[in-house]
Amino acid sequence: MQNVQQPQKRKLSDEIIAEDEDYQRDPEHPRNLIPEICRLLYSQEAMTGSGGAISMRRNDKIYVAPSGVQKERLQPEDMFVINDDGDTLKLPLNGKICRMSQCTPLFLTIYRLRGSECVIHSHSKRAVLATIISSGNEFRISDLQMIKGIYKRTENRNYRFGEEVVIPIIENTPTDPELQENLVKAMENYPDTCCVLIRRHGLYIWGTTWQQAKLMYECYEYLFDIAIQLKQLGMN
Ligand SMILES: [Zn+2]
């Protein structure tokens, strides 16, 4: 058996080395995009205090940022590379001693249930406020143009003006991995959704591509902002 396994290991290693060379030439490689989008969200106060994380998939490899780091200073070499089972294929290239994001089990669940290529977890203040002004376990919004930026999964199209977007809200837990059970239930009960809100914590958003995930993040944030301001104005 060892004779069979050794060439496979060598092949994977060569493949990873080639991919690492790729990221230096490809600005859209996950190693470059994750730090870039983390910096952007940090500047919007959605990833301050080391909160939040982003993961991206490229073919059979999943890239995950480290935990508890300064999000605006992430470097391409800081990423962990794992497979669908969560096995580590590559540690940070710079030899930094750090842990993988605590959100990793949730990222893997979302990849498995939705076949996504990018998951964003943020502690956005708008998302947190949206969960506080929503008394039940759903955030609902309609009659806004930006709804058209949200993907309706079961119909394989974006929402139309006049339709209602419903986002499930799950209760917070002491640690992110403990959110897993309720995240799965919410995704099963709301097959259209590309977002799950976590009460007084933040959100998870995913997309078929990184572009879709990022654009929907911006649309959801806009919708939360409008809902908060409408509430302040005493309107619904
Ligand atoms: Zn979190």
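Residues numbered from 1 in each chain as written. Predicted model: local features only at pLDDT ≥ 70, side-chain atom pairs only at ≥ 80, totals over all residues. Heavy atoms only, no water.

Description of the coordination of the zinc ion
The coordination sphere of the zinc ion, as far as protein atoms go, consists of His121 (NE2), His123 (NE2) and His201 (NE2), spread over 2.1 to 2.2 Å. Read N to C, the donor residues that coordinate the zinc ion are spaced as H-x1-H-x77-H. Here His123, found in the loop between β5 (118-122) and α4 (125-133), pairs with His201, found in the loop between β10 (195-198) and β11 (202-207); they are 78 residues apart in sequence, far enough to count as distant. (Donors = N, O, S within 2.8 Å, 3.2 Å for Na, K, Ca; no water. Helix = DSSP H or I, 4+ residues; strand = E, 2+ residues; numbered from the N terminus.)

A word on the pairing of β11
Within β11, six of the six residues are buried, which leaves it mostly tucked inside the rest of the structure. Neither face of β11 is exposed, since Gly202, Tyr204 and Trp206 on one face and Leu203, Ile205 and Gly207 on the opposite face are all buried. Note that β5 and β11 share five bridges and pair antiparallel. Residue pairing for β11: Cys118 is matched across the bridge by Gly207. Linking β10 to β11, which pair antiparallel, is a turn of three residues; within it Arg200 sits at a positive phi near 60 degrees. (Buried < 20%, exposed > 50% of the residue type's maximum accessible area, 1.4 Å probe, protein only. Pairing = 2+ DSSP bridges.)

Considerations on unusual backbone geometry
A negative phi angle characterises most non-glycine residues, just as the trans form characterises most peptide bonds. Phi at Ser50 takes a positive value of approximately 65 degrees, unusual for a residue other than glycine. In this fold, Ser50 is placed in the loop between α2 (30-43) and β1 (53-58). For Asn156, which is not glycine, the phi dihedral falls at a positive 50 degrees. Note on placement: Asn156 falls in the loop between β7 (151-152) and β8 (157-158). In this structure Asn156 comes out as exposed when scored by relative accessible area, which is 59%.

Keep in mind that these numbers describe shape and distance, not what the molecule does.
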